[in-house]
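Okay, here's what each chain looks like letter by letter:
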Amino acid sequence: SIDSEEIVAPGQHRASLSDLTCIEDIEALTVRQLKEILARNFVNYKGCCEKWELMERVTRLYNEQKDLQNQGGNESSGVDENLCKICMDSPIDCVLLECGHMVTCTKCGKRMSECPICRQFVIRAVHVFKS
């Protein structure tokens with residue numbers, strides 16, 4: 001069986017926030033790729049009519065992720081405390097309800113049926129922002 005997420009238009013690859021090496025890479029993305037990155041990271045882009053509006057949101061998301069990664073890189077233990085404990089790739093940006101544990105990224109949190117810490121049933125995974 002073919003996973004619908006793997007079907008991509010010819011000549012295009014799936015866009016991911018982790019593919020970006022610098023802010024200038026955002027300018028090279030198509031509108032479709034910008035929307036894909038925003039959707040994968042649970043960012044609402046409704047009301048964005050222009051490409052620059054989408055680029056602005058992706059830029060903000062990119063900067064937030066880099067800030068989270070830089071905060072974790074300052075720890076002397078060598079283990080990044082801000083990385084999702086499930087995929088070990090994305091920053092922790094999700095709270096599991098009802099227990100309130102913050103141990104996953106939003107993508108992994110949405111897939112959890114029970115908390116990996118306390119095994120309590122997960123009613124909802126909520127995306128959170130650090131300020």
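Details of the structure are given in the entry above.
Examining the overall build of the chain
In terms of regular secondary structure, the chain is built from four helices and two strands. When the helices and strands of the chain are read in sequence order from the N terminus, they spell out α-α-α-β-α-β. Within the chain, buried positions represent 30% of all 131 residues. For the chain, the share of sequence-separated contacts (at least 6 apart) that also reach a separation of at least 24 residues comes to 33%. Summed over its atoms, the accessible surface of the chain is roughly 8,600 Å², and 50% of this surface lies on carbon and sulfur atoms.

Re the pattern of salt bridges
This structure, assessed with the given rule, holds two salt bridges. Taking the shortest distance from any N to any O, the salt bridge between Glu56 and Arg60 comes out at 4.0 Å. Highlighted residues: Glu56 and Arg60, both in helix 3 (residues 51-73), separated by four residues, approximately one helical turn. Since its relative accessible area comes to 43%, Glu56 is described here as partly exposed. A salt bridge links Glu114 to Arg119; the nearest nitrogen and oxygen atoms lie 3.7 Å apart.

Conventions and cut-offs
Residues numbered from 1 in each chain as written. Predicted model: local features only at pLDDT ≥ 70, side-chain atom pairs only at ≥ 80, totals over all residues. Heavy atoms only, no water. Helix = DSSP H or I, 4+ residues; strand = E, 2+ residues; numbered from the N terminus. Buried < 20%, exposed > 50% of the residue type's maximum accessible area, 1.4 Å probe, protein only. Contact = heavy atoms within 4.5 Å. Areas by Shrake-Rupley, 256 points an atom, 1.4 Å probe, with all protein chains shown as cover. Salt bridge = Lys/Arg side-chain N within 4 Å of Asp/Glu carboxyl O.

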